[in-house]
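Below are the chains, spelled out letter by letter.
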Amino acid sequence: MRDRVVLITGAAAGIGRSTAQRLARDGHVVYAGARRSESAQALAGDGCRPVTLDVTDPAAIERVVSEIEATHGAIDVLINNAGGSPPHQAADVPARLAERVVQLNLLAPLYCAQAATRHFQTQGSGAIVNLASVAGARLSREAATLDLKSVIQDSILGVRTAFFRVLLAGERIKVQEQNVTLLQQELKNATARLEAGT
């Protein structure tokens, strides 16, 4: 079986970077996406192929996916990992940040999945893996205070995965949701970027 061609978003740090590193060590061709070019380039030392990718920009996503397919003849796996949330009580989150959370955690994975799916349908197979924080699946008073994404996580998980399972019924495209532990430092870093609007 040939090595898989994988695109993973949000690979600059934490779970995303660790996943990209592991897949590269296992011999797969890993395109590691990060929004900042310097963060993307840092991934080259991990055996990955860095790509600068803003997952909230559908045109940028389509361009990256098309470039990968043009280079390798296929893209086998999309891992939706990019996401984040500011540490505010849900009732106190400014509208701009709330919109950003929804765009980053709900719409962006859909944009990525749409782009990948168009290529999967052409080649006849593919896989989409949606990574999500375990904090969202275990909503608590503390979690809701710290993480707006926890408040909307059930909707995010349901829409993101169920939508594509229904859409792709009967096709050889797998869709999987995986809850993972959110790293504290990763939360702090994502929070700083969201509040800075960068």
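The structure displayed is predicted, hence computed values, not measured ones.

Conventions used here
- Residues take numbers from 1 onward in each chain, read along the sequence in its written order.
- The predicted origin of the model limits local features to residues at a pLDDT of at least 70 and limits the giving and counting of side-chain atom pairs to 80 or more, whereas totals for whole chains, interfaces and linings rest on all residues.
- Note: side-chain values were computed over all heavy atoms of the structure, leaving out hydrogens and water.
- Here, the term nonpolar core denotes a set of buried Ala, Val, Leu, Ile, Met, Phe, Trp, Tyr and Cys residues that are joined through side-chain atoms within 4.5 Å.
- Whether a residue is buried, partly exposed or exposed follows from its accessible area with a 1.4 Å probe, protein chains only, as a fraction of its type maximum: under 20%, in between, or over 50%, in that order.
- A run of DSSP states H or I qualifies as a helix once it reaches four residues; a run of E qualifies as a strand once it reaches two. Both are numbered from the N-terminal end.
- Whether two residues touch is decided by their heavy atoms; if any such pair falls within 4.5 Å, the residues are in contact.
- Note: two strands are recorded as paired if DSSP finds a minimum of 2 bridges between them.
- When the strands point away from the viewer, a crossover counts as right-handed if the route from the first strand across the helix to the second turns clockwise.

1. A word on the nonpolar core
Nonpolar side chains in soluble globular proteins generally cluster together in the buried interior. One finds Leu 7, Tyr 31, Val 55, Ile 68 and Leu 78 to be the most contacted residues of the largest nonpolar core, which totals 23 residues. Top element by residues in this core is helix α4 (residues 95–123). It accounts for 7 residues. Every residue in contact with Ile 68, bar those within four places of it in the chain, is listed here: Val 5, Leu 7, Tyr 31, Gly 73, Ala 74 and Ile 75.

2. Quick word on the pairing of strand β1 (residues 5–8)
Residue alternation in β1 divides its side chains into two sets, Val 5 and Leu 7 and Val 6 and Ile 8, and both sets are buried. With 4 bridges joining them, β1 and strand β2 (residues 29–34) adopt parallel strand pairing. Within β2, the residue paired with Val 6 across the bridge is Val 30. Viewed along the sheet, the connection from β1 through helix α1 (residues 14–25) into β2 turns out right-handed. Both β1 and strand β4 (residues 77–80) contribute to a ladder of 3 bridges, which runs parallel. Looking across to β4, one finds that Ile 8 is bridged to Ile 79.

By themselves these figures say nothing about function.
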